[in-house]
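Structure assessment
Below are the chains, spelled out letter by letter.
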Amino acid sequence: MTENRANSTAPVTAPQHSVEGFVKEFLRELHFGQGVTLERASVNDEYLALARTVREYLMARWLETVRRQRDAQAKSVAYLSAEYLLGRQLDNALIATDMTEIVEEGLASLGIELSTLREQEVEPGLGNGGLGRLAACFVDSLATMSVPCIGYGIRYEYGIFRQTFVDGFQVEQADTWLTLGAPWEFPHPEAAVTVHFGGSTERYTDDDGVERTRWVPAWDVLGVPYNYMVPGYQNGRVNTLRLWSARATKAFDLAIFNSGEYVDAVRAQTFAENISKVLYPEDSTPQGKELRLQQQYFFVACSIRDFVDNVLPADFDLHNLPDRIIFQLNDTHPVIAVPELMRILVDEKKWDWDEAWAVTQKCFAYTCHTLLPEALEVWPVALLGKLLPRHLEIIYRINDDFLAEVAQRYPGDELRLRRMSIIAEYPERSVRMAFLATVAGAKVNGVAALHSQLLRDKVLPDFSEYWPDKFTNVTNGVTPRRFVRLANPALSELITDAIGPGWLTDLARLREMEPLADDAEFREKFRAVKAHNKQRLSALLQRRDGITLPGDAMLDVMVKRLHEYKRQTLKVLHIVSLYERIISGELDPTSIPPRVFAFGAKAAPGYKMAKQTIALINHVGRVVNDDPRVKGALTVVFPPNYNVTLAETLIPAADLSEQISLAGKEASGTGNMKFALNGALTIGTDDGANVEIRELVGDENFFLFGLVEPEVDALVTAGYHPSSYYEENPTLRRAIDRIASGAFAGGDRTVFEPIVSNLLHEDRFLVLADFQAYLDAQDRVDAAYRDTEAWTRSAILNVARSGYFSSDRAMWDYIDRIWHSQPLAAR
Ligand SMILES: *Cc1c(COP(=O)(O)O)cnc(C)c1O
């Protein structure tokens, strides 16, 4: 029946690509979609009508892309990620379809400003930070490169919380991104998938006399797919992002009407739907909560089921699965997909174990995103066994087989077996998800050169010795469509004027700008772009937060999640030190270039030290900004709710990018790449992708400071005593003493005592050890900034030499080193 239908399908065509064509469609959407006339329409009506109109221009491409990929039977990437930090959709859809000018003109003819409607969109914040944003950049690149990809994830009803400040302290508000309408999503409740949980397993003998196991689950939920368009940049392709939403199964409906326990039944329904209710706001420090494991299994079970039952043809022989799919695991969050595929092949399809394992091992690859031991996910066996008893058995079997192999290679090496076991025994019997991913994955990659090296040497040394070829690196990237073209239209125009079009999909071409760094006229234009972006930021902050920026100052920006390893505290100590030196008369405020210090950072709601640090920044800001002695020289701003939308205005305005994590702790960073591509110079440690940024832009265009990873290692091994730095460095002592004195807390010494005490007695991330080197590097920044022409030259070279950090390049590297399969090639 579908065959006949396919043959008689009328072509789907986009509306006319003209101002008149657009206006006609827009009014039709307003009238028939929103049910209002132009005279009565609210801004939200207009925004929703506009979004629906723009997506009509993408629809034909979407349907055609899906059809072609089905026909070609091409190998697909299934990107499995618990987070997608997408950012606003409207503008991206407009540049993908090249509709911006038409829409601007069309709306203007109706008396509507496009910029007003843009602001109406609440970004889908379905991620915490770098990891979720990376997933969004990757699916953008694959669509732009015409590579078949389905992004799979969770449609959280509440994404990352909205941050507000009350008296300088972070207060979290619910993210209600769906309340005013969700024009970019396509729900398909009819295609819901059932996912089971709990219960027990039982042995039985099948019809062929083979001993088998079946899972007898206790409860289930439905996963409803919501499809989102992932438009390629002006290439006629639109890939799919499929996010799953949990619903109660029919059984609940029956229970509601058939039992007397109506209220209990409704409550049970709510229980099921809780699974996709809220994004866990922890970044890099996962909490071992049962609901989180439910979320993980929920979305991967839905995704595998979807791919096998709906994407593959009905008669597909699953032995050929590795020819059609690679499941890329974005960190360990989706690793439970491994035992799930095994369960399907062994229990449902009734394959031999070894046969199933051979196929499974070729279908997965694992990306590790951390070096922090506390960020490596483990699940207590008791919890996993209660929720997914069959999966736990499968994990045990995988582990037994694996350890038997290791024992053969290293006879008698009991310690090694214990180290490499997927099951940890202490402090509690639990499953090490990174080990499971490593054992099952065809490839394991880190996200920057240094990180991949440390992953091999420090995090998974036994595994890299065992499988040296399994480990590889793919340095992260960011999409230039969002982080250059959308975020920085003025720079984009300047670049196109300089080197012609085409660079947005071939970012290495930015190199062609290099000679222009020596062209005084070009430098002048480049500075005008930066000045324009600062004005744009200034207007936004005024409108959004009532923050006034001083007219002409260096903009020094530190935006990223608040985490001790990222060392926002080091930045605060720099500011406090400058402030203290000025008011004590040691430093003449007119002798340094005026600076605005801008912060943006959310703290996990349960992370006390991080929340304290936010309060400290705000309190230091209040004192510094109100003190006439430093007026004009130092200004601290901390707009709340740092997200992708704010990043798009903040980053293009920045002069200086702060990337000051302790060496060996930041896996890659991607914020660092966004800044370099937008012409900010980096002050940074030898960490993550900073290393590669510095190599590419050149030492003379980067402010390097601080201990390198082997020095950190040696210092910690020898015994680190932060108080000795405090005692021996008077500048440091005065800065810390000022905080300890209560000067930033209205005289109350207790408010920031935990931060002071932590610095002096623990300082896990060696803030005090790097303090002086950081101050010295900041002096070099000041000196360099005074030479405007030389600074601009460096800024231009940062842009010209950062093309490597396009996520398109990262995707080619994944294709080459991990997915390597010719059907993936663009066609
Ligand atoms: C890029 C980005 C990040 C990651 O920043 P890092 O500095 O690499 O930690 C986090 N949040 C948002 C909103 C981003 O756009």
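Nothing here was measured: the structure is a model prediction, and the numbers come from that model.

Before going further, it helps to examine the overall build of the chain. What the chain contains, in helices and strands, is 34 helices and 25 strands. For 827 residues, the compact-globule formula gives about 28 Å, and the C-alpha radius of gyration of the chain, at 28 Å, lands near that figure. With the C-alpha coordinates of the chain rotated into their principal frame, the extents come out at 90 × 75 × 60 Å. The buried share of the chain, taken over its 827 residues, is 61%. Partitioning the contacts of the chain with sequence separation of at least 6, the portion at a separation of at least 24 is 77%. Of the roughly 32,000 Å² of accessible surface on the chain, a fraction of 51% belongs to carbon and sulfur atoms.

A few words now on the site of the ligand. Taken together, Gly129, Gly130, Val559, Lys560, Lys566, Tyr642, Asn643, Val644, Gly669, Thr670, Gly671 and Lys674 form the complete shell of residues around the ligand. Between the ligand and lysine 560, the relevant distance is 2.7 Å, taken from an oxygen atom to a side-chain nitrogen or oxygen of the residue. Here an oxygen atom of the ligand and a side-chain polar atom of lysine 674 are 2.6 Å apart. In isolation the ligand has 390 Å² of accessible area, and contact with the protein removes 96% of it.

Below, the discussion takes up the sheet that holds strand 17 (residues 430-432). Spatially, 15-17-16 is the arrangement adopted by the three strands of the open sheet, whose pairing is antiparallel. Looking at which strands have only one partner, the edges of the open sheet turn out to be strand 15 (378-380) and strand 16 (423-424). Here strand 16 pairs with strand 17 via two bridges, running antiparallel. Bridging across to strand 17, alanine 424 finds its partner in serine 430. Contacts from helix 17 (residues 433-440) reach strand 15 and strand 17, with the element oriented near 50° to strand 17.

Okay, the domain arrangement of the chain next. One can read the domain layout of the chain as domain 1 (1-72 + 103-121), domain 2 (73-87 + 123-162 + 170-475 + 815-819) and domain 3 (514-709 + 767-804). For domain 1 and domain 3, the distance between their C-alpha centres works out to 40 Å.

A word on the pattern of salt bridges. This structure, assessed with the given rule, holds 59 salt bridges. Of the charged contacts, one joins arginine 343 and glutamate 340 as a salt bridge, the two residues approaching to 3.1 Å between their closest N and O atoms. Remark: glutamate 340 and arginine 343 occur in helix 12 (residues 337-348); sequence separation between them is three residues, near one turn of the helix. Residue classification places arginine 343 among the buried residues on the basis of a relative accessible area of 8%. The shortest N-O distance in the salt bridge between arginine 694 and aspartate 699 comes to 2.7 Å. Shared partners join several salt bridges into a network, and the residues in it are Arg305, Asp309, Glu340, Arg343 and Glu348.

So, about empty space enclosed by the protein. Over the atoms, a rolling probe the size of a water molecule traces out where space has been left empty. Scanning the model with the defined rule gives ten cavities of 30 Å³ or more in all. Looking at the largest cavity, its volume works out to about 780 Å³. Looking at the largest cavity, it is lined by 44 residues, and the ones nearest its centre are Gly129, Gly130, Leu131, Asp283 and Lys566. Looking at the lining of the largest cavity, the elements with two or more residues in it are helix 7 (130-144), helix 25 (644-653) and helix 26 (671-677). Top element by residues in the lining of the largest cavity is helix 7. It accounts for four residues. Among the residues forming the lining of the largest cavity, the class breakdown is 15 nonpolar, 15 polar and 14 charged.

A separate point is the pairing of strand 24 (residues 681-684). Burial of strand 24 is two-sided: the residues Leu681 and Ile683 facing one way and the residues Thr682 and Gly684 facing the other way are all buried. Strand direction decides the pairing type here: strand 23 (residues 656-659) and strand 24, joined by four bridges, are parallel. Across the sheet, residue glutamate 658 finds its bridge partner in strand 24, namely isoleucine 683. Following the backbone out of strand 23, through helix 26 and into the adjacent parallel strand 24, one traces a crossover that is right-handed. Bridge analysis of strand 24 against strand 25 (residues 703-704) gives two bridges, and the strand direction is parallel. From the neighbouring strand, glycine 684 faces strand 25, where its bridge partner is leucine 704.

This model, assessed by the stated rule, comprises 25 aromatic pairs. Here tyrosine 785 and tryptophan 791 contribute two aromatic rings whose centre-to-centre distance is 5.0 Å and whose plane-to-plane angle is 80°, an arrangement assigned as edge-to-face. Residues tyrosine 804 and phenylalanine 805 carry aromatic rings whose centres are separated by 5.3 Å and whose planes lie at 85° to one another, so their mutual orientation is edge-to-face. Here phenylalanine 805 falls in the buried class, since its relative accessible area comes to 0%. Three or more aromatic residues joined by ring pairs make a cluster, and in this case those are Phe197, Trp215, Trp219, Phe271 and Tyr297.

Below, the discussion takes up unusual backbone geometry. Residue proline 427 follows tyrosine 426 across a cis peptide bond; omega there is -5°. Structurally, proline 427 can be placed in the loop between strand 16 and strand 17. You will see that glutamine 234, though not glycine, has its phi angle at about 50°, which is positive. Along the polypeptide, glutamine 234 turns up in the loop between strand 11 (219-231) and strand 12 (238-248).

For helix 32 (residues 767-786), built from 20 residues, the straight-helix expectation of 28 Å at 1.5 Å per residue is met to within 8% by its first-to-last C-alpha distance of 28 Å. Of all the bends found along helix 32, the most pronounced is centred on alanine 773 and spans about 25°. The set of residues buried in helix 32 consists of Val767, Leu768, Ala769, Asp770, Phe771, Tyr774, Leu775, Ala777, Gln778, Val781, Asp782 and Tyr785.

Glancing now at the confidence of the model for the chain. Scored by pLDDT, the chain has a mean of 95; 97% of the residues are at 70 or more. pLDDT under 50 marks residues 823-827. Its contacts with residues more than four places away, or in other chains, come to 14 contacts.

Glancing now at a negative patch on the surface. Where like charges cluster on the molecular surface, the negative patch consists of Glu20, Asp98, Glu101, Glu104, Glu105 and Glu113. The element that contributes the greatest number of residues to the negative patch is helix 5 (residues 100-109), accounting for three residues. Residue placement: glutamate 101 occurs in helix 5. A relative accessible area of 66% means that glutamate 101 is categorised as exposed.

What counts, and where the lines are drawn
- Counting starts from 1 at the beginning of each chain's written sequence and moves along it residue by residue.
- Given that this is a predicted model, residues contribute local features only at a pLDDT of at least 70 and side-chain atom pairs are listed and counted only at 80 or more, while totals for whole chains, interfaces and linings are drawn from all residues.
- The basis for every side-chain value is the complete set of heavy atoms in the structure, and neither hydrogens nor water enter the calculation.
- Every helix listed is a DSSP run of H or I at least four residues long, and every strand listed is a run of E at least two residues long, numbered separately from the N terminus.
- Our radius of gyration looks at C-alpha atoms and nothing else; its globule reference is 2.2 Å times the residue count to the power 0.38.
- Relative accessibility decides the category of a residue: with a 1.4 Å probe and only protein chains considered, values under 20% of the type maximum give buried, values over 50% give exposed, and everything between is partly exposed.
- When checking whether two residues touch, look at their non-hydrogen atoms; a contact exists if any pair is within 4.5 Å.
- Accessible areas in this description were obtained via Shrake-Rupley with a 1.4 Å probe; residue shielding takes into account the shown protein chains only.
- Proximity is defined per residue: if any heavy atom of the residue lies within 4 Å of a molecule or strand, that residue is considered near it.
- Whenever two N or O atoms come within 3.5 Å, that pair is a polar contact, provided that in protein one can donate a hydrogen and the other can accept it, and provided that, for residues adjacent in sequence, both atoms are side-chain atoms.
- Strands are labelled as partners when DSSP assigns at least two bridges between them.
- For helices, the fitted line uses only the C-alpha atoms of the stretch in contact; every axis is such a line through C-alpha atoms, and the angle between N-to-C directions lies from 0 to 180 degrees.
- Residue ranges for the domains trace back to a domain assignment, done automatically or taken from a database.
- A pair is scored as a salt bridge if a Lys or Arg side-chain nitrogen falls within 4 Å of a carboxyl oxygen belonging to Asp or Glu.
- Put plainly, a pocket is an open set of points on a 1 Å grid over the protein atoms alone with protein on both sides within 12 Å along at least five of seven lines, a cavity is a set where a 1.4 Å probe fits but cannot get out, and a lining residue has an atom within 4 Å of a point.
- Grid points are joined across faces, edges and corners, and a volume is the space filled by probe spheres set on the points.
- Note that Gly is not counted as nonpolar here; it falls among the polar residues with everything else outside the nonpolar set of Ala, Val, Leu, Ile, Met, Phe, Trp, Tyr, Cys and Pro and the charged set of Asp, Glu, Lys and Arg.
- Throughout, right-handed denotes a crossover for which the path from the first strand over the helix to the second runs clockwise when the strands point away from the viewer.
- For Phe, Tyr and Trp, where Trp contributes only its six-membered ring, two rings pair if their centres lie within 6.5 Å, and the inter-plane angle classes them as stacked under 30 degrees, edge-to-face over 60, or tilted in between.
- By this rule the span expected of a helix is its residue count minus one, scaled by 1.5 Å.
- Fitting axes to the seven residues ending at a residue and to the seven starting there, one defines the bend at that residue as the angle between these axes.
- The predictor reports its confidence for every residue as pLDDT, a score running from 0 up to 100.
- Patch members must show over 30% relative accessible area and no salt bridge, and they are joined within 9 Å when carrying like charges or within 5 Å when they are nonpolar side chains of Val, Leu, Ile, Met, Phe, Trp or Tyr.
- Neither His nor the chain ends is counted toward charge; the positive residues are Lys and Arg and the negative residues Asp and Glu.
- Charge placement uses NZ in Lys and CZ in Arg. For Asp and Glu, CG and CD serve respectively.

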